[in-house]
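# Summary of structural features
The primary structure of each chain is shown beneath.
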Amino acid sequence: MPNANTDSPSALSQVQRRAVSELLRVSPAADDLARRFQEAGFSLALVGGSVRDALLGRLGNDLDFTTDARPEDVLRIVRPWADAVWDVGIAFGTVGVQKDARVGDTVQRFQIEVTTYRSEAYDRTSRKPEVSYGDSIEEDLVRRDFTVNAMAVALPEKEFVDPHHGLDDLAARVLRTPGTPQESFSDDPLRMMRAARFAAQLDFEVAPEVVAAMTEMAGRIEIVSAERVRDELNKLLLSAHPRKGLTLLVETGLAQYVLPELPALRLERDEHHRHKDVYDHTLIVLEQAMALEQDGPDLTLRLAALLHDIGKPRTRRFEQDGRVSFHHHEVVGAKMTKKRMTALKYSNELVKDVSRLVELHLRFHGYGTGEWTDSAVRRYVRDAGPLLERLHKLTRSDCTTRNKRKATALSRAYDGLEERIAQLQEQEELDSIRPDLDGNQIMGILGVRPGPVVGQAYQHLLELRLENGPMEHDEAVAALKEWWGAQG
């Protein structure tokens, strides 16, 4: 691959070998598609994140291509070849393709996007980019967000195109923009969040001039739709190094516009240092929660860890004895979580789950040394519902004390609670607690029709179930009749 910019021939040969290896793996699909474009009189190149990831040795089966063909020509070329085609992004010049291709001894599925050479720019008040098509790959690459994403490999000849020295920046693990960062962020302000996201995903540093522009232009993010901001925030949070990206958002002032509750956690300590730094504590809790994940990144858990203490600034009080209190910050925080996540257009289900975890994250601290009754344990499980495992992880992660004795005591206490939950679950199927009589039985015994009274009777029996454990059928009938008699 000619034109690769680097001062070190050995470094060049190393990344070349890595990239060639990755490209050979996907070549059955990529080369076949490229030949079809060539036969139709058009160019095709692997581009952007796909080239970056090939050079990093982490190219997956999601491939991005760029072409001088207009979208209608792209559709005409790919439809006879692809297993599936979708055109939801065609207004932005992008055609999606699914293709199963044989790689060695296996058949692999490739998700492909082909985008016409283009440039994007926002006007000062628009939330959507204006798209215009270009005629050269150089024109396309200069509009890319960062130099490490502004490299291409022309196919099928596999010529490396790197006009903005992205390979140098990749080797230095630094994020720079092809043009000036001010021009880049004016074209699309979301690129400021992408800088934080890529820093978190790739563990790269952001160039000082890029950080300065992000700080200077942070307010421009307000013209970007909440959905696009949310999607970048999710990718950042699900990355390997979210602290790095979140810190950059806070330090540049971007967080003040997209997640103001986070910088608000940087409370000034009182003169006696009677409470810990809530902001730093939050980032530690996030990292500790990540360490407990078992099946890959968990967005619900990570959001709950990030937001669990956002109610503290509003509830902070300096007590007469010099202590600092945050009474009911979990309740206030749950409401704030719901409001912020709703503003960012998260799904109703995710908003409900994360705000519930925030609301419950302190519940364990009433457990103490294990004096909870079986009834209290049942309520803990019932209130957590399907979030119980995440609540376990969040509660354990929330211990950031440096006092080893205190940390050990908390861990043992939670071990004890989990053991009691397991024992009760084995005895009573706690995770599906229901009253000992269902709605139809209640109506039959009381001789009533469907209505509010059935719900009230059901709730009464549920409370008895939580308080006393399972009842025999006759006991439950007697309890229901006793309650009914008391209703007058």
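Here, every reference points to the structure presented above.
A few points on the structure. For every chain, the first residue of the written sequence is number 1, and numbering continues from 1 along that sequence. In keeping with the predicted nature of the model, local features appear solely for residues at pLDDT of at least 70, side-chain atom pairs appear and are counted solely at 80 or more, and the whole-chain, interface and lining totals rest on all residues. Excluded from the side-chain calculations are hydrogens and water; all other atoms, namely the structure's heavy atoms, are used.

### Here we look at the overall build of the chain
The helix and strand inventory of the chain stands at 22 helices and 13 strands. When a residue's accessible area, from a 1.4 Å probe over protein chains only, is under 20% of the maximum for its type it is buried; when over 50% it is exposed; and in between it is partly exposed. The buried share among the 488 residues of the chain stands at 50%. Sequence-distant contacts, at least 24 apart, represent 66% of the contacts inside the chain between residues at least 6 apart. In short, Shrake-Rupley with a 1.4 Å probe defines the accessible areas, and a residue's cover is counted only from the protein chains shown. When the accessible surface of the chain is split by element, carbon and sulfur atoms take 47% of a total near 23,600 Å². Working definition: helices are DSSP H or I runs of at least four residues, strands are E runs of at least two. Numbering for both runs from the N terminus. The contact rule is simple, with two residues in contact once any of their heavy atoms fall within 4.5 Å.

### Looking at the pairing of strand 1 (residues 44-47)
Residues Leu 44 and Leu 46 point to one face of strand 1 and Ala 45 and Val 47 to the other, with burial holding for every one of them. A pair of strands is treated as paired once DSSP finds two or more bridges between them. Bridging between strand 1 and strand 2 (residues 62-67) involves three bridges; their strand directions are antiparallel. Counterpart to Leu 46 in the pairing with strand 2 is Phe 65. One ladder, built from four bridges, connects strand 1 with strand 8 (residues 152-155); its direction is antiparallel. Residue Leu 46 lies in a different strand from strand 8, and its bridge partner there is Val 153.

### Concerning unusual backbone geometry
Of the consecutive residues Leu 155 and Pro 156, the connecting peptide bond is found in the cis state with omega at 5°. Within the secondary structure, Pro 156 is located in the loop between strand 8 and strand 9 (159-161).

### A closer look at helix 8 (residues 208-217)
Those residues of helix 8 lying buried are Val 210, Ala 213, Met 214 and Met 217. An end-on view of helix 8 places all buried positions within 100° of arc, on one side of the element. Facing away from the buried surface of helix 8 by more than 90 degrees, the exposed residues are Pro 208 and Glu 216. Elements in contact with the buried residues of helix 8: strand 10 (174-175), helix 6 (181-187), helix 7 (190-202), strand 11 (205-206) and helix 10 (242-252). Summarising the geometry, the arc corresponds to the directions from the helix axis toward the C-beta atoms.

### Notes on the pattern of salt bridges
A side-chain nitrogen of Lys or Arg and a carboxyl oxygen of Asp or Glu constitute a salt bridge if their distance falls within 4 Å. Taken as a whole and assessed by the stated rule, the structure comprises 31 salt bridges. Here the salt bridges do not stand alone but share partners, grouping Asp 145, Arg 194, Arg 197 and Glu 232 into one network.

### Overview of the sheet that holds strand 5 (residues 106-116)
Within a beta sheet, neighbouring strands are joined by backbone hydrogen bonds and run either parallel or antiparallel to one another. Strand order in the open sheet formed by seven strands is 3-4-5-2-1-8-9, with mixed pairing between adjacent strands. In this open sheet, the two edge strands, each paired with only one partner strand, are strand 3 (84-86) and strand 9. Between one strand axis and the next, the sheet turns through 30° on average, direction left out of account. Taken together, the six bridges between strand 2 and strand 5 define a ladder with parallel strand orientation. The partner of Thr 66 across the bridge, within strand 5, is Thr 115. Geometry is summarised by axes, namely lines fitted to C-alpha atoms with helices restricted to the contacting stretch, and by angles between N-to-C directions that run from 0 to 180 degrees.

### Re the packing of helix 17 (residues 374-384) against helix 21 (residues 452-468)
The axes of two packed helices give the description: the angle between them and the distance between them. Helix 21 packs onto helix 17 with a crossing angle of 125° between their chain directions and a minimal axis gap of 6 Å. Judged by the inter-axis angle, helix 17 sits oblique to helix 21. Contacts between helix 17 and helix 21 pair Ser 375, Arg 378, Arg 379 and Arg 382 from the former with Leu 462, Glu 463, Arg 465, Leu 466, Glu 467 and Asn 468 from the latter. Tallied by class, residues from the contact of helix 17 with helix 21 come to two nonpolar, two polar and six charged. An angle below 35 degrees is read as roughly parallel, one above 145 as roughly antiparallel, one from 65 to 115 as roughly perpendicular, and any other as oblique. Only Asp, Glu, Lys and Arg are considered charged, only Ala, Val, Leu, Ile, Met, Phe, Trp, Tyr, Cys and Pro nonpolar, and every remaining residue, Gly among them, polar.

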